[in-house]
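# Understanding the architecture of this molecule
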Amino acid sequence: MHSRLLSGCGMAVVACAIATPALAQQRQFDIPAQPLASAIASLGRQAQIQIVAPGEGLEALRSRAVKGPMDARAALRLLIVGTGLEVAADDGARIVLRRVKLSEARAPVPSDAAAADDIVVTGFRASLSTARDIKRKSDAIVDAIAAEDIGQLPDNSATEALARLPGVQVFRNRGEGQAITIRGISSVVTTINGQEAYTGVSRRTLLNSYPAGLIRSMEVYKALTPDLIEGGIGGAVDVQLRQPLDFRKGISVAATLRGSYDDQADKLMYNGDVLVAGNWDTGAGEIGVLVNASYTRRDYYESYRESLGPQTTPAGYSLPTGILAKNPKGHYERPVLTGEIQWRPAYNFGLHLRATNVTDDNTYTDTDFQTNIAANTALGNVELVEGTQIVKSARFTATANSGARSNHTRQLLDTTQIEFGADFKSGIAALTTSAVYTTSRIETDQQLFLLGFNQAPVIDATFQSDGKWGGLSYAYPTADLGDIDQFHVRAYSDTRQREKGKGLQWRTDLELDTGTGFFRAFKTGFRYARRTAEYRSGTGLVDLNALKLPMSAFPGGETPAVLSRRPGGDDAAIPTGWVGYDATYLNSEANVIALNNYVSTLKPGYFTDDGRPAYDPLAAFDGKEQSFAAYGQFKYGFELAGMPVDGVAGLRVVNTWLSIDGTQSIRENTPTTGGTITRYTPIHGRQNYVDVDPAITAIVHFTPELQLRGAWTRTFSRPDFANLNPTVALVQVQSASGDYTGIATSGNPDLKPVRSTNWDLSLEYYFGRTGSISLAGFYRDVTGYIVKTTVEDDAIPGALGTVDVTKYVNAGDGYIKGVEVGANTFFDFAPGLLRHFGASANYTYIDSAQNLPATEVTAAFKGQTAGISKHSYNASLFYDDGRFRAKVAWSWRSDFTLSYNLTDPSKNLNWYPISRLAASATYNFNRNLSLTVDGTNLLNRPQRAYWGTKAFTDRVYFEGRVYSAALRFKF
């Protein structure tokens, strides 16, 4: 049996016959598909060479057939490609194999024909096994997700899949998971195949823009080693795309056709992806070509009912500043294309060229009906929430400037990344180098059309209802919301925003495998990165309230739209429909310009750039940034009390240079000006700083299955370009008596990075083919949190005195600490049908504190970092027998504060706990064809928020449930 190989120190000699010249000789090989260990042994015998391979884990893998004349090295490459093994050493006398390193890990290639009594390593098993192996063999603190098959992550989106990992939390909006945090920190570096990725002028890419069908695996680094790209105190997410030489020889094709239905949008959506890969041995070497394309369309419709931020009435009551029913709705289309060519002219030398384009075209046509409430509004029939001054219900007359609002937004994100790289191995040395060019743009156009009542309406409102989900319930007893003649046009605005980001990065890494002594390997390298960031924005907001014009007078307003709300499981009594402007008219830029031109005849001066608003110099910047990083790290190993200990230690040094241009405006009224004048002048900011980030990790191997991993690291995150914008808007007044008032808003080009010192421990136990249990603890000591506050400044150019400036500053320190517990396994030890079942569960506890000093206008603050839930759980139950697999997955996160009001805690915005349930099932008709059905958000529980106390509900927010069916094939 192949599982009874000779082993020692975790390695097995699977064939031996020392004959150095045999490596270069052409031989006739005939090795059928079989268990991988047996295939390696057979190759060694036929080539008369010695091959040393890992002694653990090969029993689950099978090889493909190798047949024909070739030299031994070429035959071995064919045999181990895609198996997770690579050549670690080749001294001419023997070849030593090892498992592929973390950054190069590949999912094992499933066997075409496993023995009848074997557990087939595909689907969930392959995914768990690969992810476990990445974590187990890593020198860093990492968790991973691997695709179950070509084009099939465990979830339908990258962000939803990441949400299953311990320590990762996701915030959802517009029908999908969007922003993520790692162990409570949102500053996360995103890389594609190990290369930094970003969108527009931001420092990270939108992971939800990458379809699941294009992803081979995702690795979440929670503690960075020196060889990893800097810039995220929360960690890093590396998205690994597929490469052509991962596939078998010849042509491989895989495709998915998916239909999805959102029960609240009531729309059927069609998506798909296709992969074509070729892998050939030629006279010029091994050549691989891959094209992977995906198209995603998602329609969504969400339902809000919301009480806006609290205010206090003259009588001391607390009630909302407004109430609204809101329907965010829209769709996004995401065509994504990636292609790659790999060429290995020799077994130890390779080149690759990759190009990836991600387009994310979003269209929103949000509608809402908003009623504004002034603090001095007369209230009747007042009922208070027991024991408080919070108004539970009342009758009142709303302000006339209430009414329907129609919002049309089109946001186009387009990012292209081109990478060229090479790798070379010789003896103990491995050299890799790659250059990446990135260009990314975001174009946002938004129009807002507002109606107002001709006569202020009476409202019966229950702000804090006793319904199933609480919150707002109200009616307009004296108004017909379906009669457009009761309304006039109150205001209109048009905004356009443009972002451009470009960058070049080049990195080179050299690794020396120095043997089995204390110093096992040495790695060093450098990285140069240069990027530019350009931002422009302009808004034309026109107050039309005094004109009292009917909507029919405006282009696109001739036929009112009936804007309805379908609550999708809500029992609150609120307006179920109203009339308003049909925002779909604004899908065309020509229609937008026509509307703008008409508004300009009423009030000129707002749309002066070919019918669109001119860019505001105070909403613009041009930034340039260069960084040079160099690192060195060594892998060490020794025995302590008979137990192997290994790890890495090293240092990363990064020099960052920034140059950024903006505009300063001074609006002043002084005795010398004789009135108000405004002056604009260019303003420039620059800085240069060096970060030195050491790191050391250690892994104590108590047994082959039990290990303790520790890490001490230092990391930093650069400020966003928008916060570094040097633009200053100063308003100053000086009277004849000399009294001076100066108020300004500003960015801050002197912002320093947020820095963190990190301690991590992880106790890990691995068992069976896929089983693992881990217990981890972590502590982050964070300095230099960036907040917006008001400070005094007497050095603003052109200011006549000390100015109160509202700007971003590095203010306050804090910590984040917590515990993670996780377990995954298939019940392979169980008899019969039970061996095909498995389970996965994890729990994360996070405690944090952020300390901010008091200022003239804000109070000192110490509290939880915004956006973090203290507790979160994930649990999954799955079944996989090779033919049929199914999974049910549940997630839950506890309540959290989304934003703080430093002067009035009653205005803190807090979120209730969020729970979700998803399920999927796949049936494999044969090894080439499968059908998957799945559903997400099956619980249909709304997200809810509250202001300060749970007695004051902010919103109740319903998403749609989504059901999908996907047909996958490959050959």
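Going by the structure above, here's the rest.
Residues numbered from 1 in each chain as written. Predicted model: local features only at pLDDT ≥ 70, side-chain atom pairs only at ≥ 80, totals over all residues. Heavy atoms only, no water.

## As for the overall build of the protein
The cut-off we apply is this: To qualify as a helix, a DSSP run of H or I must reach at least 4 residues; to qualify as a strand, a run of E must reach at least 2; elements of each kind are numbered from the N terminus. Between buried and exposed lies partly exposed: a residue is buried under 20% and exposed over 50% of the maximum accessible area for its type, with that area taken using a 1.4 Å probe on protein chains only. Using the Shrake-Rupley algorithm and a 1.4 Å probe, accessible areas are obtained, with residue cover drawn only from the displayed protein chains. In this tally Asp and Glu are treated as negative and Lys and Arg as positive; neither His nor the chain ends contributes. Where a charge lies is defined by one atom per residue type, namely NZ (Lys), CZ (Arg), CG (Asp) and CD (Glu).
Scanning the protein from N- to C-terminus turns up six helices and 54 strands. Overall size of the protein, expressed as C-alpha extent along the three principal axes, is 95 × 60 × 55 Å. With 971 residues in all, the protein has 55% of them scored as buried. Counting only carbon and sulfur atoms, one obtains 57% of the accessible surface of the protein, whose full area is about 38,500 Å². In the protein, the 96 positive side-chain charges and the 98 negative ones have mean positions that sit 4 Å from each other.

## Observations regarding the packing of aromatic side chains
Note the cut-off: Aromatic rings from Phe, Tyr and Trp, with only the six-membered ring used for Trp, were paired whenever their centres fell within 6.5 Å, and each pair was classed as stacked if the ring planes differed by under 30 degrees, edge-to-face if by over 60, and tilted otherwise. Charges are assigned to positions over rings by a cutoff of 6 Å between ring centre and Lys NZ or Arg CZ, combined with an angular limit of 35 degrees from the ring normal.
Taken as a whole and judged by the stated rule, the model has 39 aromatic pairs. With a centroid separation of 5.5 Å and an interplanar angle of 10°, the aromatic rings of Tyr-535 and Phe-621 are classed as stacked. Of this pair, Tyr-535 sits in strand β30 (residues 519-543) while Phe-621 is found in strand β33 (residues 620-640), placing the two residues 86 residues apart along the sequence. Here Phe-621 falls in the buried class, since its relative accessible area comes to 2%. For the cation-ring pair, Arg-496 lies above Tyr-615, with the distance from its terminal atom to the ring centre recorded as 4.2 Å. It is Arg-944 that lies over the ring of Tyr-912; its NZ or CZ is 4.2 Å from the centre.

## Describing the environment of Ile-816
Definition in use: It only takes one pair of heavy atoms within 4.5 Å for two residues to be counted as in contact.
Following the sequence through the fold, Ile-816 ends up in strand β43 (residues 813-826). Looking at Ile-816, the relative accessible area reads 0%, which means it is buried. Apart from the residues within four sequence positions on either side, Ile-816 is in contact with Arg-183, Gly-184, Ile-185, Phe-778, Tyr-779, Arg-780, Tyr-785, Ile-846, Asp-847, Ser-848, Thr-865 and Ile-868.

## Remarks on the sheet that holds strand β13 (residues 235-241)
Sheet strands associate in pairs through backbone hydrogen bonding, adopting either a parallel or an antiparallel arrangement. Note the threshold: Whether two strands pair comes down to DSSP finding at least two bridges between them.
Strand order in the open sheet formed by five strands is β7-β12-β13-β10-β11, with mixed pairing between adjacent strands. The sheet is open, and its two edges are formed by β7 (141-146) and β11 (195-196), each paired on a single side. Alignment of strand β10 (residues 188-192) against β11, held across two bridges, turns out to be antiparallel. What sits directly across from Ile-192, in β11, is Gln-195.

## Regarding the nonpolar core
Rules: Throughout this description, the term nonpolar core refers to a set of buried Ala, Val, Leu, Ile, Met, Phe, Trp, Tyr and Cys residues connected via side-chain atoms within 4.5 Å.
Phe-449 and Tyr-474 are the most contacted members of the largest nonpolar core, which has 40 residues in total. Apart from residues lying up to four places away in sequence, Tyr-474 is in contact with Ile-323, Leu-324, Ala-325, Phe-369, Ile-459, Asp-460, Ala-461, Ala-573, Ile-574 and Pro-575. Counting residues in hydrophobic clusters, the runner-up holds 24 residues, among them Ala-161, Ile-182, Ala-197 and Met-218.

## Some points on the pairing of strand β40 (residues 771-783)
Summarising the sheet, strand β39 (residues 754-767) and β40 pair through 13 bridges and their orientation is antiparallel. From the neighbouring strand, Asn-758 faces β40, where its bridge partner is Arg-780. Sheet topology places β40 next to β43; twelve bridges connect them, and they run antiparallel. Residue pairing in the sheet places Ser-772 in a bridge with Asn-824 of β43.

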